[in-house]
Every structure is written in C-alpha cells, then in structure tokens.
Amino acid sequence: MADIERRQLNEGLELRAKGETGGRTLVGYAAVFDSKSEVIRERGITFREVIRPGAFDRALKEDHDVRALLNHDSSHLLGRTKSGTLRLSVDEKGLRYEVDLPDTTVGRDLSESIKRGDITGSSFGFRTIADEWPKESRVDGMATREILDLELLDVSPVTYPAY
C-alpha cells in the first residue's frame, strides 16, 4: 500500500452559525486546482506539486469514507462523510468541505482558534493512484508532479499550511 501523503493550503477558513441551535459549520477548501505547491521533500525527492481538476472525482463518486481531523490527528475527529457531518464537493476552484463541528473540547477550541485567526489553513490526506511528472514542467531544474487521481483519506484544518 502506498504511503499516505498530506498537502496543506493557506486558504481562509470560514466559520458559520448553523440553525437555531447556534451550531458551528466550518467551510474551507482542502485543495485548490492548478496551483503549484511550495517545495516538497519526500523520500529523497525535491519537487513541486499541482492538483489537477478531476483528481477527486473518483473518490467522490465512490463515496470514500473521509474524515475531518484537526491537524490530521485521528484522535481529533471533527466529522465524517458516512455520518453526514462532513460534506465534500468539487467546483472550479477545488475540493470544498463543510464540517459540522462537534460540541466537544476539540470542536470548541478549533472554533475559537479560527475566530481569533490563529488557524487559517486546510489540508488533505491521500494516497496517490495516478500522477505524472512531465519533463516540460521543470522550473529551475525542479520537477513538478501532477496529481491526476487519488484515494482521499481526510480533510483537515491545520496550524501550518504549506501551499
């Protein structure tokens, strides 16, 4: 089985009150299409990465059981697609998510950190199914990996975004 990979995105997160009960829904983008990443160093390789439109299509069609986690930490579960507390969609910008934050210490703390502007980025965890390393995409001698298809594992608000 391939190694799990994670990519972070510095996109503003939005916190919305939901319904009469005042529940909180976190909205953000876990990935943005056609945007080059910062320099990535994995398994002895230095490269940049681009997520191509269509990369998430199969994962959404097959209804992968994706989790929303704080900082990719499975002990900080925020929501899950199978329970309906996490909703995923793809638009022209990228992979969008909405998660109904739980009324737990983690959920309340995350809500406060977002309100204060301490946490502003998102990320996603995945296993690569199909990618390309086009030679013509080299910039300054550095390879660019294009992600075409993946197994989606989680989306996460994160402390340290990398994109």
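Keep in mind the model is a prediction, meaning the values are calculated, not measured. (Residues numbered from 1 in each chain as written. Predicted model: local features only at pLDDT ≥ 70, side-chain atom pairs only at ≥ 80, totals over all residues. Heavy atoms only, no water.)

Q: What should I look at first to understand the overall build of the chain in this one?
A: Along the chain, the regular secondary structure elements total 2 helices and 11 strands. Put simply, the chain runs from its N terminus to its C terminus through helices and strands in the order β-β-β-β-β-α-β-β-β-β-α-β-β. Relative to all contacts within the chain whose residues are 6 or more apart in sequence, the contacts with residues 24 or more apart total 66%. Taken as a whole, the chain presents about 8,600 Å² of accessible surface, with 46% of it coming from carbon and sulfur. (Helix = DSSP H or I, 4+ residues; strand = E, 2+ residues; numbered from the N terminus. Contact = heavy atoms within 4.5 Å. Areas by Shrake-Rupley, 256 points an atom, 1.4 Å probe, with all protein chains shown as cover.)

Q: Even after reading the chapter, I still don't get the side chain of H64, so can you show me in this structure?
A: Relative to the assigned elements, H64 resides in the loop between α1 (57-61) and β6 (67-70). There is a polar contact of 3.1 Å between the side chain of H64 and the side chain of E62. With near-sequence residues (within four places) excluded, H64 lies in contact with R58, A59, T81, L150, E151 and L152. (Polar contact = N/O pair within 3.5 Å; in protein donor to acceptor, adjacent residues only side chain to side chain.)

Q: What exactly am I supposed to notice about the nonpolar core here?
A: Note that soluble globular proteins tend to have their nonpolar side chains buried in a common cluster. With 28 residues, the main nonpolar core has F56, F124, L152 and V155 as its most contacted residues. Those elements that place two or more of their residues in this core are β3 (23-32), β6, β8 (86-90), β9 (94-100), α2 (105-116), β10 (121-132) and β11 (143-158). Broken down by element, the residue count for this core peaks at 4 residues, all from β11. If we skip the residues at most four places from it in the chain, L152 touches F56, A59, H64, V66, L88, L95, F124 and G125. (Core = buried A, V, L, I, M, F, W, Y, C linked by side-chain atoms within 4.5 Å. Buried < 20%, exposed > 50% of the residue type's maximum accessible area, 1.4 Å probe, protein only.)

Q: Looking at this structure, I do not really get the pattern of salt bridges. What am I missing?
A: Two side chains with opposite charge may pair up if their charged atoms get near one another. Tallied over the entire structure, the rule returns 15 salt bridges. The closest approach of N and O atoms between R67 and D65, which form a salt bridge, is 3.2 Å. A relative accessible area of 28% means that R67 is categorised as partly exposed. Residue R116 pairs with D118 through a salt bridge whose shortest N-O separation is 2.6 Å. When its relative accessible area of 42% is taken as the criterion, D118 is described as partly exposed. Where salt bridges share partners, they join R87, R96, E98 and D100 into one cluster. (Salt bridge = Lys/Arg side-chain N within 4 Å of Asp/Glu carboxyl O.)

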